[in-house]
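Residue-level listing of the chains:
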Amino acid sequence: MNMLRLYGNVKNYQIILLAVCLSLMVVFASGCGKSDAGQQIERADIITIDAMTVFGRLSRPAVDYPHDMHTRALKERGKECADCHLKDDKGVMSQKFMRLTDENEKTTMQIYHDNCITCHKELRAGGFEVGPVVCGNCHSRKPEYVSSRQPMSYDYSLHYRHVKANNDSCGLCHHVYDEQKKELVYIKGQESSCRDCHQKEKIENVISMREASHQSCIGCHIEKQKGFQECSGCHDAKILGAIERVDTPGRIERNQPDFTLIGAAEKDIESSKMNSVPFDHKAHEGFTNSCRDCHHETLKACKECHTLAGDEVGDGITTQRAMHEMKSGHSCVGCHEKHKYDPQCGGCHSLMEQGRLSQHACEICHAGPEPEKLAKAKGKYKSIADFKPPRSKTKLTMAAKDIPEEVTIGIMADKYEPAKMPHRKIIDTLMNHIKNSRMATYFHGHEDVVCQGCHHHSPIGHKPPLCENCHGKPFDQSNLQIPGLYGAYHRQCLGCHEQMNIKLEKDCEGCHAAKQS
Amino acid sequence: MTDSIHTLQEFMFHTKGILYILAIGFLIGFTWFWRFLHKYDREE
Amino acid sequence: MTVSRRRFLEWVAAAGVGTAAASSAKAAHGEFSGYPDSYGVLFDATLCLGCRSCEKACNEVNKLPAPGKPFTDLTVFDEKRRTDYRTFTVVNRYNDTGADKPVYRKIQCNHCLEPACASACFVGAFKKTPEGAVEYDASVCVGCRYCIIACPFNIPAYEYNEALTPRVMKCTLCLPRLREGKLPGCVEACPVEALTFGRRKDLIAIAHEKIRKYPGRYIDHIYGQHEMGGTSWMYLSGVPYTKIDLRTDLGTTPAPEFTSGALAMVPMVIGLWPVLLGGIYKITQRKEKIADAERRQEVANAIAATQGEADAKARAAAEKFQKEKERAVDMAVKKALADADKEKGKEGE
Amino acid sequence: MTDQEITMEKKSIFTPFNIISAIIIIVGLVLTYLRFTKGLGAVTNLDDTNPWGIWIGFDLLTGVALAAGGYVTAAAVEIFGMKKYHSAVRPAILTGFLGYSLVVFALLYDVGRPWRLPYPFFISQGVTSVMFEVGACVALYLTVLFLEFSPAALEWLGLKKLRSLIVKLTIALTILGVVLSTLHQSSLGAMFLLAPSKLHPLWYSPYLPVFFFVSSIAAGLSMVLFEGTLAHRHFRHKMDEAHLAEHDNLAFGFGKAAALVLAGYFAIKIFGIALGNNWHYLSTPYGLWFMLEMLGFVLLPCFLFAIGTRDRNARLIRVSAFITVFGIFLNRINITLIAFNWQLPWDERYFPSWMEIGISVFVVTVGLLVYRFIVTKMPILYEHPDYKQEH
């Protein structure tokens, strides 16, 4: 009975209910529309505070912390690094927040919560616009910021700038640990890359790469009041890109050879069969950005780790793979393969099958003395020049007059007039590119190989076959592997133009005028 | 259309067609069977 | 229509004789590879230039009304377009795909091997032909638009502004042209042969060959080889397919399988419901009958009781008069009996 | 619609109800003209990505579900022998019959070429389509309902012979009715099995047919009560004492049934989520929407029904009946419109045009008018004197 009173007049009840439902429907429905709103802002200075992980699983999401934002804000209020980062007895500034070590879960958490929240609260009370004060806003699954941090890359140019700035005092950064003296000392000629010793994580008394770099770099920058002192300075792609590059950085002297014969190590000589490879080390320094491009972290010779049969020091990577691995940027072939698709080369090469070496490519590199003669040969050659000099591929074997000035492609002309192709102009352009590329001049097996850029899959000669000899009628179903003439022309021309960034003015009419009918 | 079946679609088209006809057949048959079964119920 | 009538008779025969097995014996294993040498088209997104030649050709070949903007106008790429009742194919441009240049993607009916539209249509207006095309027959179409609901690629369009004769409109794979031995209009028009027409199995082989030759250029997946049980129109791309609006969450289940289970239950219901309900009905009926019987029994007992009394009375009377005068006997007995009779008659009612 | 006025129809025909419905009818006719001269595009907001609107979501799906009262009541009384609810059968059958007629009527608007509706049966049978089965069943069931309803009409017309003939068929018709209803009620859900990529995972499930069937039972029970309530309020004078006497008992009986069915329905819906392991969607906006449907329009009425039957509170039962009816409407709309094409950006989604709503209102109004006509003329809410001592 009380139910009766509770629910009152049925009719009103229904109306109210209906109203509620409809309104709810509208609310929800409109909600469903923009379900995943809220763009994340990219920042290079995001530090993920997951210090607690050392004590086991995190109970709340880690905090994404915009460091620079705080550095600036604090600077404005006359604060400095030391206000957040304590110095140890040696006066080395800790990179942890408000502590030197992590005692236990509780204290570490306390440190963050007390300092962060109190500071935010105070400032907010002071009417400043500051960050969150409630848990969920720091510990958020979908944080406001997303990290765009770039790994710092220290190339020749940057190295050179630092060398000059500190007038050639290498010891400022490069050091080794002296067991007796129990201190860091600089020994000329033993410089290596930082990562050679400073690994991802701290090992015994060797601090992590991260710690080392931030300690030394930022420490020095602050001390000298030079260079960047904020995260973004070294980790923001834009700022990094803006750093002025030195076009001809002086060579880094670290008793490396100008020229060497790459062959098997002495102990492997017996089992090695391939001829050695004369290698212009000096030249390649110019083609790379840093020693690490080839030498990984160490500055050792390849064969020390990559033995003929593979050794766990070199992750079992054999010499052969170390030199020929197509996918690796450290290997000769891998790097060369990559450069085949540079604008000047890509026009021809991008249309050729990728990731393959032709059989006669071998002797182009392996032109040095046989393994057994290697020891004697060492002194004999001083530079690549002493060697059988690379054939000059910069001149065609045929006379200019034998090369058609212009080729008219009219075989399919229907909607358009025949296309006039500036045949010789194209060849001249390509030849120029070849001239300017040592790689091309060295590796193009034959003077006239340039013709094969377009006249592919056919013998090199003064009279290469015509396109229509292989590329039959368009969309030929009996022969789907080879594009028809229609596609062949367009793909070749347009593909090459695109690769070499040569814009075509007014699309179709650019090559063939529309037919007036 | 060829006699052998190449697609699930075709197969179902065939089988479902038959099933529908069988079903209708069953309904008619069942009504008859029902009356056959209860023939003598009325006089009691 | 004649076809469907023939089918109907076929079914009747099959249902009657049970020869259905004959034609579907191989099918019984549930594996269907589609029509052996059906045709298809392979679209290579790394080659497409976005010249809209295919759109133009399609429009001409199918004699569709001229669009608002001419086909030479490339500003149409600024917004995302889809197929509609007078556009069987559109090319869309995608700028933020991760590639350094915009990527173009042509879309049209994919001519599924197991078309969702076909399994949706309740007049069987859609049919997968041996050539590979999914054919639409407007002469039977009722216009329920269930096919449009069913199509996972949002392709079929509808003539909403036709008052009485609206049709579903979609790419035909140029079936009429194929039968004349010609190529589909769009394929023939593509200047870079970004569209390859051929037997589906050949196209798959070619696609794999391309991926092998240019590992850096292609995503190692042929879109349409397995999607929704496979489509006759397939795609190659250098950027993830989701970036060019090709859904990768469709799965590989052929459309008919989504509903086959539900359809399989139909005969079960028809077969078992009558039996079940009939049974229940009979049970309830029997309950009532028993209830009636009990009621009748009580009545009967009542009758029996009264009957007994009457007889007793009659006998008593008889003896009484026996002891009386001899000559009154016959008369008295007759009288008593008459009374008894009268009593009976009363109770009889 | 406040139609107390109907009770005083003897006085004048210009009652507010009549006037309003007259207006609706006129507007409806104009829209009808537009639809069949200018095409769907002119009156609807439908487009190529959203081919189905409220005419399917409301008129067809909701309509069919709510018309389930016919087979539910008939089955309860004729097959399960709950003779005491006998007075409820005819109104239920009538609503069922009208409901289905209106569904077909509305389809004539939605479908492109209405006159071809018989094609699937006589011209070209698309037997692989779930819709074929729906169509076939609806067509047959409509005939069944007509036959089941015809005695009332025949009594009114006084054709005794024909009537008694049909009455003999009652059981056969009822059983057939249940079979057909089971099939098409569930198959309406099965239609959406074909679009897993478009329907939101929380609503899409291989169980869809079962969901639709079970919910249709709840809908049927509730609709009988709901419609009974209205009839009771506006056609009291037409009801005989048997009907009036049964009014509350009916509520208790059906209320209990509805409570049980809803409980089961809620359970299997949850199983559905578990089957697809879609729990994580519950925290999204769609999830909240789903839970609103589940808690507010399944679990809530389930309990209200339970309380109502337990405390013998007929009014509360009628309230929950209303909630359930609305819940069914919400569910069908969710599946056809709100949770459908859920990945599409907001501006590519569908919202009905006023004209579509207009037609739907028009259809409903026509239904009401016909209902009023029949109820006032034929022995629906009372028993015809000549046939009293039957059953």
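All residue numbers refer to positions counted from 1 along the written sequence of the respective chain. Chains and ligands are labelled sequentially in the order written, the chains with letters from A and the ligands with numbers from 1. Thresholds applied to this predicted model are a pLDDT of at least 70 for local features of residues and 80 or more for the giving and counting of side-chain atom pairs; totals over whole chains, interfaces and linings are not thresholded and use all residues. Each side-chain value is worked out from all heavy atoms of the structure, with water and hydrogens disregarded.

Novice: I'd love a proper account of the pattern of salt bridges, names of residues and values included.
Specialist: Criterion for a salt bridge: a side-chain nitrogen of Lys or Arg within 4 Å of a carboxyl oxygen of Asp or Glu. According to the stated counting rule, one finds 42 salt bridges over all chains in the structure shown. For the salt bridge of R438(A) with D280(A), the shortest nitrogen-to-oxygen distance reads 3.5 Å. Placement of the pair is R438(A) in helix α20 (residues 438-443) and D280(A) in the loop between β8 (277-279) and α11 (281-287), with a sequence separation of 158 residues. Relative accessibility decides the category of a residue: with a 1.4 Å probe and only protein chains considered, values under 20% of the type maximum give buried, values over 50% give exposed, and everything between is partly exposed. Accessibility expressed as a relative area gives 15% for D280(A), which makes it buried. Its salt-bridge partner being R212(C), residue E209(C) comes within 3.0 Å of it at the nearest N-O pair. Note that E209(C) and R212(C) are positioned in helix α8 (residues 200-213) at a spacing of three residues, about one turn of the helix. Take E209(C): its relative accessible area is 25%, and that puts it in the partly exposed class. Only DSSP runs of H or I with at least four residues qualify as helices, and only runs of E with at least two residues qualify as strands; both kinds are numbered from the N terminus onward.

Novice: Account for the arrangement of the chains, with residues named and values stated.
Specialist: Of all five pairs of chains sharing an interface, the pair with the highest contact count is chains C and D. What makes two residues a contact is simply this: any of their non-hydrogen atoms within 4.5 Å. Taking C-alpha atoms only, the smallest gap left between chain A and chain B, which are not in contact, amounts to 24 Å.

Novice: Outline the sheet that holds strand β9 (residues 233-236) of chain C, listing residues and values.
Specialist: Residue and element names in this part refer to chain C. Note on pairing: DSSP must find at least two bridges between two strands before they are called paired. Taken together, the three strands give an open sheet; going across it, the order is β8-β1-β9, and neighbouring strands pair in mixed fashion. Strands with a single pairing partner mark the edges of an open sheet, and in this sheet they are β8 (195-199) and β9. Ignoring strand direction, the axes of neighbouring strands in this sheet form an average angle of 25 degrees. Direction of pairing for strand β1 (residues 39-44) relative to β9: parallel, over a ladder of four bridges. Pairing of F43 across the sheet is with Y235, part of β9. Axis definition: a line fit to C-alpha positions, over the contact stretch in the case of helices; interaxial angles, taken between N-to-C directions, run 0 to 180 degrees.

Novice: How would you summarise the interface of chain D and chain B if you had to cite specific residues and measurements?
Specialist: Each side of the interface is counted separately: chain D has seven residues, and chain B has seven residues. For the pair chain D and chain B, the number of links is zero salt bridges. We call two N or O atoms a polar contact when they sit within 3.5 Å, provided that within protein one can donate a hydrogen and the other can accept it, with sequence-adjacent residues counted only if both atoms are side-chain atoms. In this assembly, chain D and chain B are joined by one residue pair in polar contact (both at pLDDT 80 or more). Each residue belonging to the side of chain D that touches chain B can be placed in one class, and the counts come to three nonpolar, three polar and one charged. Residues are sorted three ways: Asp, Glu, Lys and Arg are charged, Ala, Val, Leu, Ile, Met, Phe, Trp, Tyr, Cys and Pro are nonpolar, and all the rest, Gly among them, are polar.

Novice: Run through the domain arrangement of chain A, naming residues and quoting values.
Specialist: Residues and elements named next belong to chain A. According to the domain assignment, chain A consists of domain 1 (42-147), domain 2 (156-222), domain 3 (259-386) and domain 4 (400-500). Relative to domain 3, the C-alpha centre of domain 2 lies at a distance of 29 Å. Taken together, the six residues of domain 2 in the interface contact nine residues of domain 3. Summing the contributions of domain 2 and of domain 3, the shared interface buries around 630 Å²; its carbon and sulfur component is 53%. Connecting domain 2 to domain 3 are zero salt bridges. Put simply, domain 2 and domain 3 have three residue pairs in polar contact (both at pLDDT 80 or more) between them. Here the residues of the side of domain 2 that touches domain 3 sort into one nonpolar, two polar and three charged. Start and end positions for the domains come from either an automated domain assignment or a database one. Defined here as a combined quantity, buried area equals the accessible surface (1.4 Å probe) lost by two parts on assembly, summed across both.

Novice: Break down the environment of L58(A) for me, citing the residues and quoting the values.
Specialist: Residue and element names in this part refer to chain A. Here L58 lies in the loop between β2 (46-49) and β3 (63-66). Owing to a relative accessible area of 25%, L58 belongs among the partly exposed residues under this scheme. The contacts of L58, once residues within four sequence positions are left out, are D50, M52 and T53.

Novice: Report on helix α9 (residues 170-190) of chain D, specifying residues and quantitative values.
Specialist: For α9(D), spanning 21 residues, the distance from its first C-alpha to its last is 30 Å, which sits close to the expected 30 Å at 1.5 Å a residue. The buried fraction of α9(D) amounts to 18 of the 21 residues, a majority that puts the element mostly inside the structure. Given a helix with a known number of residues, its expected span is that number minus one, times 1.5 Å.

Novice: Explain the state of the cysteines to me, and be specific about the residues and the numbers.
Specialist: Only a pair of cysteine sulfur atoms within 2.5 Å counts as a disulfide in this structure description. By the definition in use, this model includes zero disulfides over all chains. As a non-bridged cysteine, C365(A) has C332(A) as the owner of its nearest cysteine sulfur, 7.2 Å distant. In this structure C51(C) is a free cysteine whose sulfur lies 6.2 Å from that of C190(C), the closest cysteine sulfur available. Residue C51(C) is classed as partly exposed on the basis of its relative accessible area, which comes to 33%.

Novice: Quick one: what's the story with unusual backbone geometry, residue by residue and with numbers?
Specialist: Residues and elements named next belong to chain A. With a phi close to 55 degrees, D168 is a non-glycine residue in the positive phi region. On the secondary structure map, D168 appears in the loop between α6 (156-165) and β5 (176-178). Even without glycine at this site, E204 takes up a positive phi of about 50 degrees. Structurally, E204 can be placed in the loop between α7 (194-197) and α8 (209-224). On the basis of relative accessibility, which here comes to 71%, the residue E204 falls in the exposed class.

Novice: Could you give an account of the interface of chain D and chain C, with specific residues and numbers?
Specialist: Taken together, the contacts link 61 residues of chain D with 63 residues of chain C. Across the interface of chain D and chain C, roughly 5100 Å² is buried in total on both sides, 64% from carbon and sulfur atoms. Applying the counting rule to chain D against chain C returns two salt bridges. Here K80(C) and E348(D) are joined by a salt bridge, their closest N and O atoms 3.9 Å apart. Between the two partners, chain D and chain C, sit 26 residue pairs in polar contact (both at pLDDT 80 or more). At the level of secondary structure, the elements contributing two or more residues to the side of chain D that touches chain C comprise α1 (16-38), α2 (40-43), α4 (69-79), α6 (119-122), α7 (130-157) and α9 of chain D. The element best represented in the side of chain D that touches chain C is α9(D), accounting for seven residues. Here the side of chain D that touches chain C is built from residues that sort into 34 nonpolar, 15 polar and 12 charged.

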